[in-house]
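# A structural walkthrough
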There are 2 protein chains.
Amino acid sequence: MGIEIKITLNEGLYLKDPQDSVLGRNIIKHSILLLSDLGFEDFNFKKLSLEIGSTESSIYRYFENKHLVLIYLVSWYWEWVAYLIRINTLNINDPKRKLEIIINCFVSASFENPSIDYLDKSKLHSVIIAEGIKVYRTKDVDEEDGKGFFRNYKQLIKTVAGVISEINPTFEYPYVLASNLFEMSNNHIYFAKHLPRLTDISVNGNNVDEVETMLNYFADKLLTSAFRLQ
Amino acid sequence: MGIEIKITLNEGLYLKDPQDSVLGRNIIKHSILLLSDLGFEDFNFKKLSLEIGSTESSIYRYFENKHLVLIYLVSWYWEWVAYLIRINTLNINDPKRKLEIIINCFVSASFENPSIDYLDKSKLHSVIIAEGIKVYRTKDVDEEDGKGFFRNYKQLIKTVAGVISEINPTFEYPYVLASNLFEMSNNHIYFAKHLPRLTDISVNGNNVDEVETMLNYFADKLLTSAFRLQ
DNA sequence: TATTTATGATAGGTTTACTATCATAAATAA
DNA sequence: TTATTTATGATAGTAAACCTATCATAAATA
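Numbering of residues starts from 1 in each chain and follows the order in which that chain's sequence is written. Starting at A for chains and at 1 for ligands, labels are handed out in the order in which the entities are written. Note on the predicted model: pLDDT of at least 70 is required for a residue's local features to be given, and 80 or more for side-chain atom pairs to be given and counted; whole-chain, interface and lining totals, by contrast, use all residues. Side-chain descriptors were evaluated using all non-hydrogen atoms of the structure, hydrogens and water having been removed beforehand.

This paragraph deals with the side chain of Asn186(A). Secondary structure follows DSSP: runs of H or I at least 4 residues long count as helices, runs of E at least 2 residues long count as strands, and numbering of each begins at the N terminus. Its location among the elements puts Asn186(A) in helix α9 (residues 174–194). Burial classes: relative accessible area under 20% of the type maximum marks a residue as buried, over 50% as exposed, and values in between as partly exposed (1.4 Å probe, protein chains only). Asn186(A) sits in the buried class, given a relative accessible area of 8%.

The term salt bridge refers to a side-chain nitrogen of Lys or Arg lying within 4 Å of a carboxyl oxygen of Asp or Glu. Within the structure shown, the criterion is met by 18 salt bridges over all chains. Taking the shortest distance from any N to any O, the salt bridge between Lys6(B) and Asp20(B) comes out at 3.0 Å. One end of the pair, Lys6(B), is in the segment before α1 (22–38); the other, Asp20(B), is in the segment before α1, and 14 residues separate them in sequence. Taken together, the shared-partner salt bridges connect Lys6(A), Asp17(A) and Asp20(A) into one network.

Moving on to the protein's contact with DNA strand D. By convention in this text, a residue qualifies as near a molecule or strand provided that one of its non-hydrogen atoms is within 4 Å of it. Looking at DNA strand D, there are 17 residues lining it, with Lys16(A), Ser54(A), Arg61(A), Tyr62(A) and Asn44(B) nearest. In DNA strand D, the atoms that sit within 4 Å of the protein are 51% sugar and phosphate, with bases accounting for the remainder. N or O atoms closer than or at 3.5 Å make up a polar contact, with two conditions inside protein: a donor-capable atom paired with an acceptor-capable one, and, for residues adjacent in sequence, both atoms drawn from side chains. In this structure, Ser58(A) approaches DNA strand D through a side-chain N or O atom, which is 3.0 Å from a phosphate oxygen. Going through the elements one at a time, α3 (56–60) of chain A together with α3 (56–60) of chain B are the ones with two or more residues in the surface near DNA strand D. Residue type decides the class: Asp, Glu, Lys and Arg count as charged, Ala, Val, Leu, Ile, Met, Phe, Trp, Tyr, Cys and Pro as nonpolar, and the leftover types, Gly among them, as polar. Its residues assigned to classes, the surface near DNA strand D comprises three nonpolar, nine polar and five charged.

Bringing the interface of chain A and chain B into the picture now. Quoted interface sizes are often the accessible area lost when the parts come together. We call two residues in contact whenever any of their non-hydrogen atoms come within 4.5 Å of each other. Opposite the 58 residues of chain A that make contact, chain B presents 57 residues. The buried area of a pairing is the accessible area, by a 1.4 Å probe, that goes missing from both parts when the two are put together, added over both. Both sides of the chain A and chain B interface together cover about 5100 Å² of buried area, and 60% of this is carbon and sulfur. Viewed at the interface, chain B and chain A are joined by zero salt bridges. Applying the counting rule to chain A against chain B returns 20 residue pairs in polar contact (both at pLDDT 80 or more). Of all the secondary-structure elements, those providing two or more residues to the side of chain A that touches chain B are α1 (22–38), α6 (121–131), α7 (141–146), α8 (151–167), α9 and α10 (209–223) of chain A. In terms of residue count, α9(A) provides more of the side of chain A that touches chain B than any other element does, 14 residues in total. The residue inventory of the side of chain A that touches chain B, partitioned by class, reads 29 nonpolar, 14 polar and 15 charged.

Pasting the structure below:
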């Protein structure tokens, strides 16, 4: 009933699509909860199966290993952010305004509707902030990139870089800025919480306004000509 | 004979100072080589002991686990970069010039003298680029921060933030910029090698000039008033 | 010469990661 | 309807990773 969103991901990520069964959706749901509680290193399929009330072998029928579960979740998040950007920038022509919307999606993708019952987007966002970088910082990065596992991240960054180039066609680093805005968003939310001496930002509860303001300031400073009066 | 450099690190990182014995120095040396070859996930004390011609139990007398070895190496690197910045900015008064020197240290800390036989700084730099972020992206971050394991990183960032504030005392995000320049340096060297569609930079062999130019451009754009003619 | 210290050798225990097999209930096809 | 396929659970088991403990011995120090 109502509108249903189904995000499709690279088929190489799973052995069996977890979105198609109760057990599969439970794997996704409790992976997010457990990853958020334990962190990636202490998370494993044994604990996950106990949480779900299933067995290790059943989970292995969906995912080869926990690393692929993480890539699956992160890919889902990337697609979700790309979707949010798409619908929120519809009918917006000013690229500066578009970039502001993009930045808003980066910092608070978790607080948007519509909701999907088996996927707590707020918890997913904290998993991305704490663990997201681990998907591509491994020895297998080249092999996994070859399988297209990071294609949707690259697509997301390409979209953002396009908007950046619209704002300032002479700017030489649209991809650097695009990927950096995304990484900074996650980094400084993390720093604010765990290593506050590495940032000027503070985050109170779920209030990430300071991060948003900061990213807008950085983007504006970098893209606005030094000669323009503001 | 000659000048010897000894970097002292937080004593909580090790059970026994690896710099004080042949075996200890071998642990450091071969940890760097193995981490660079295998990555953190596939690295373990069994493989390390075989490489050295020692035993697992002997290595456990120096470090509690491989995560602490990584923190040890990363801390050593942070101290080393701080040292390089200190000596290379001696007698330099212009803070803009100081920041240029800092950026140069960030991107190419591996190619400076003097050399320490048991520590391949070029290999260490690639370990930092690929694995460095893993030291503080774990569930134990708060506990380990409480033990002071990240104090020298925070000190390094504080120094850089100080120079940034010298350049522009009204700039609101000195710590964000300082930590971001460091992280961007490692990130984009990594991207250039493994995920080139996330950056505009290319790195040929050990030539990181483009990264250096990019970081200088970002810093300059952010810190120079919009009204100043350049 | 006696004692402490560092290392190696060896063993073992626990957990993690993963594979395989079989039983059964549910869904689907004939 | 009955037959068959499919999904899951139950159970077992292996190899490696992670970590601790004990003992022997050689080197360094008292």
